[in-house]
Every structure is written in structure tokens, then in C-alpha cells.
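Examination of the molecular architecture
Single-letter residue listing:
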Amino acid sequence: MSAQKSDSMATNSAIVADYKARTGGSAALFERARKVLPSGITHDARYLDPYSIHVSRATGPRKWDVDGNEYVDYFGGHGALLLGHSHPAIVEAVTRQMELGTHYGSSHELEVRWAELVCELVPSAEKVRFTASGTEASHMAIRLARAATGKDKIVRFIGHFHGWHDHVAGGATSHYDGSSPPGVLQSVTDLSILMPTDDVEPVVKLLESRDDIAAVMFEPSGASWGQVPLPPGFVQAIREVTARRGVVMLMDEVITGFRWSSGGAQKALGVTPDLCIMAKIVAGGLPGGAVAGKREILDQIDFAVSAAKKRDKIAHPGTFNANPLSAAAAVTALSLVRDEDLAEKANRTAAELRAALRQVLVEESVPWGIYGQSSTFLIYPNPTGEDVDPATFDPLELGFAKLKGARSGPLSGKIRMGLMSHGVDVMGAPGGFVSATHGGAEIEKTAHALRQTVRALKAEREVKAA
């Protein structure tokens, strides 16, 4: 559907009309942006028809757009801001470092301290290598796994997102049948074996029957930070079979790292992978990523070890690896995560938020679901009219196609715009991330926004009462 046609249809909606009336400044910026930026945006997740808001400032759990509208923020820097926006200690550390230098082209003490904290907090981290992003960490981890095992194939799972590089593009957000997205060679896509996650036994049998698998790569939350949760015992079963078969277990902790617990999902689950990748919180909300894991795997990047073993060293440059600004933010953030139980605080708040949102659906007789793990929440808007009781909703009963299918289309857009008109900004899932700065006031405002939004959707016949 073209943007023009969709927009003309949207004018019939009071929700969309109210959104437009409140966001004239964002509309003007969008008109400028789409002349120079594809779709007028710089990240696919920021797409919204007719246009997304443009934000001018943020602090703690709140942000303000260019029109002066205030929002409880659940984008959370795409999950990076466990400490909330502009945490005073982060601001101080980065400001101080700005005066000392932003890029030395040399090693520095902050990168050493950063690595020490990662190794202290993350169970699998015997050594760590920093990158400039989660996508870079994903790419490096796959290369390390293939080199360590001498094998080519990577087992991945449908809908699990590991960045945008070619080796993980197919089956992440589309092309679940194993075909290649535009611009990606089919020969590269074929190096992945895509598996569903509704039952772990076929995965176990696959690993037991093949000798060409280098790694099993997955999000411990389930697909897309838990939109499609993993069945109980899934991660434990993967750990057992990969250990027995000599396959690298590669856990993607870009989202879950330092959020599921101070040591990530691996600490929370009590399962230690061979390798993990991190970004977002690991860099204190600034650009940065990391690969961590077994010493013998990471030492494939080591000059001395590679020379002693008479093998090719894996090259790893990167202009902004462990840059001083990100390192300053990271050392401060991870120290706070370690010392102040910030992950646990955010987890408790998110549980209270999910309960409050669930109660709204029950009271309004809306057959949707509220779910999530750790400090996340997700709204299942039931676009296909499933028999859903919001009081007992279990996402595992629906399966991948229905859960992922709920994440696109005009209904999700209207939900987001309705919430924004009442001062709440969520991601397109719809859902989002709770920070350690969210509290009772944010929960109350979010519950009110959801109540008003579902009532407006009822008036537009987008929602039928249960």
C-alpha cells in the first residue's frame, strides 16, 4: 500500500486525526526528511504511517517532541537505556571525557576497565573484544565460531534478529522460507539452517545427525526480544546438545545483556554459552558492542597466541572499537548495574506495568494479550480474532505466525498513535522497554493511555468487546 493511499484512508480515523493535530512540527520535519532520507527515517523501527514524531529532548523515563508533547518513553534507545535518558552519572562521565579526547587512535585505561567489568559480570566472558555495534559483534562472533570449529553452517531460528549483515538477514524479519532478501546472495543465506522454536527436539536431532555445524545462534528471550517466547527448557536443551557435539553455543545478548539480570540472560537462566554478543546497555547507551566468551575462541584474534600456534590470526580492525566516549559511558553504566540492582528494579516495575495493562484489558473486555519477560512488555492486539482471554493469555499457545503477524499493519499504527495522543510512546511491536527510572507515575499514565486508546478503537470498530 502506498504511503499516499494509506494516508488518505487514515484521515477517516479520529485517532489519526488527533495525532496529526498534536504533531504539526513533526509533520513539517518529515516533509524535509523524506526529501533526503529514504522514508524520511534513519532506522526501520521508527517507521510510522503517516509519519513518526521528532524528539527534541529526553530525561529519565520521559521525552518531549518538537511540538512540546511529553511522552512516557518505552523505546528506551531501542533497549539501550536501562538507566533512562541522560542519567546524570553518564552525562558527567561523557562530558569529562569529551574534554580529554574523543579518539586517541591508541589504547587507553577506560577500555581495560570496561573489559574487566564485562568479564566480572558476564558468566561466559573469559575474554572480550569490543566492536562499534551489535551487528558488528554478530558478524565477528560467527567468524570466530567457524574458525574455531572448521565448519560452515550456522543453525538459527525463525524470527530471531542478530543484526543486518548478510549472514543473518534471511529469516530474521522476512524470508522465513530460507530464500534471500534483496541484495543477499543465496549462497550466503544457504549457510544458515533455519529452524522453528516450538519444539526443541527437531533441533537436537539435527545437531546429532550433522557434522558441518559450527554454531547455534539464538536470542535467549525468543524471537525479537521475546515477541515469540521460547518454550521452557529450550535453552538448557540446546546447551546440552551443543556441548556434547562440539558445536559453539552463541547467545545473542544484545537486548538481554544486563537487562534480564546484571549478568544477562545467561546468569538469569543459569546457562553459560561458549560465546555471546552484546550491545546497547554494554556501551552505556552509546554506540558500541562486544563479543565475549571462551578464552580459546577469542584468542583467535590474539597476535601472540596465533603466532605460537602457527595459524592465521583473525583480523579485527574497527575505527570506533572501544572509543573513549563509549568506554566512559560503559564503565559508569556497568558499575551502576553491578552496584545498584538496576536490572532487578526495572524487572519489578515492568511486572507491575504488565499487570496494570492486563487489568485494563479485563475491565474493558478487550480480547487482547499482555505479556513479556524481564523489563519488557508486549501487547498482542489479536488482529485475526483469536479466542483470547486477557486474564489468562499465554503467547506460547499461538505460535510464531500469529504472534509475528500482529506486529504490522494499520491496527498497530493506530494503537501507537492513540497511546501517543495520551502521552505514551511505544515501539512498533507494539510494546517496549522499561528502565530503572520508570515508576508508579509512568505505570498509571500508561494504563490510562491504553484505556483511552482501546475505547477510541472500539468507537472506530477496530476492536470488538469479548
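Placed above this text is the structure.
What comes next concerns the included structure.

About the cut-offs
- Residues numbered from 1 in each chain as written.
- Predicted model: local features only at pLDDT ≥ 70, side-chain atom pairs only at ≥ 80, totals over all residues.
- Heavy atoms only, no water.
- Pairing = 2+ DSSP bridges.
- Helix = DSSP H or I, 4+ residues; strand = E, 2+ residues; numbered from the N terminus.
- Axes fitted to C-alpha atoms, helices over the stretch in contact; angles between N-to-C directions.
- Contact = heavy atoms within 4.5 Å.
- Parallel < 35°, antiparallel > 145°, perpendicular 65-115°, else oblique.
- Left-handed = near helix turned anticlockwise from the far one by under 90°.
- Phe/Tyr/Trp six-rings, centres within 6.5 Å; stacked < 30°, edge-to-face > 60°.
- Buried < 20%, exposed > 50% of the residue type's maximum accessible area, 1.4 Å probe, protein only.
- Core = buried A, V, L, I, M, F, W, Y, C linked by side-chain atoms within 4.5 Å.
- Salt bridge = Lys/Arg side-chain N within 4 Å of Asp/Glu carboxyl O.

This next bit is on the sheet that holds strand E12 (residues 376-380). Strand order in the open sheet formed by three strands is E11-E12-E14, with antiparallel pairing between adjacent strands. A strand with exactly one partner marks an edge of an open sheet, and here the two such strands are strand E11 (369-371) and strand E14 (431-433). Pairwise comparison of adjacent strand axes, ignoring direction, gives a mean angle of 10° for this sheet. Here three bridges tie E12 to E14, and the two strands are oriented antiparallel to one another. Counted as the bridge partner of Thr376 is Phe433 from E14. Sitting on the sheet, helix H16 (residues 342-363) is in contact with E11 and E12, with an inclination near 175° to E11.

Here the focus is the sheet that holds strand E3 (residues 70-73). Read across the sheet, four strands follow the order E1-E2-E3-E13 without closing on themselves; strand pairing throughout is mixed. The open sheet has two edge strands, strand E1 (55-59) and strand E13 (424-425), and neither has a second partner. Of the pairings in the sheet, the one linking strand E2 (residues 62-65) to E3 comprises three bridges and is antiparallel in character. Bridge pairing links Trp64 to Glu70 in E3.

The next thing to look at is the packing of H16 against helix H19 (residues 440-459). Where H16 contacts H19, the axes come no closer than 9 Å and their chain directions differ by 25°. By the angle between their axes, H16 is roughly parallel relative to H19. The interaxial crossing formed by H16 with H19 has right-handed handedness. For the pair formed by H16 and H19, the contact residues are Thr349, Glu352, Leu353, Ala356, Leu357, Val360, Leu361 and Glu363 on the first element and Ile443, Thr446, Ala447, Leu450, Arg451 and Val454 on the second.

Looking now at the packing of aromatic side chains. Counted under the stated rule, the structure contains nine aromatic pairs. Geometrically, the ring pair formed by Tyr380 and Phe393 is stacked, given 5.5 Å between the ring centres and 10° between the ring planes. One end of the pair, Tyr380, is in strand E12; the other, Phe393, is in the loop between E12 and helix H17 (400-405), with 13 residues separating them in the sequence. Across the pair, Phe393 and Tyr380 agree in class, each one buried.

Within the largest apolar cluster, 57 residues are counted, with the highest numbers of intra-cluster contacts made by Trp114, Val118, Val155, Phe157, Ile238, Phe258 and Met278. Looking at this core element by element, the count peaks at nine residues for helix H15 (residues 324-340). Beyond its immediate sequence surroundings of up to four residues, Val118 is in contact with Ala125, Val128, Phe130, Met278, Val282 and Leu334. By size, the runner-up hydrophobic cluster in this structure holds 35 residues, among which are Leu357, Val360, Val366 and Met420.

Okay, the pattern of salt bridges next. Scanning the model with the defined rule gives 25 salt bridges in all. Asp302 is paired through a salt bridge with Lys127; the nearest N and O atoms lie 4.0 Å apart. With Asp302 in the loop between helix H13 (295-298) and helix H14 (303-308) and Lys127 in strand E4 (residues 127-131), this pair connects stretches of sequence that are 175 residues apart. For Lys127, a relative accessible area of 26% corresponds to the partly exposed category. With a shortest N-O distance of 2.9 Å, Arg455 and Glu364 are connected by a salt bridge. Here Glu364 lies in the loop between H16 and E11 and Arg455 lies in helix H19, a separation of 91 residues in the sequence. Within this structure, Glu363, Glu364, Arg451, Arg455 and Lys458 form a network of salt bridges that share partners.

From the geometry alone we can't say anything about function, so treat these as descriptive.
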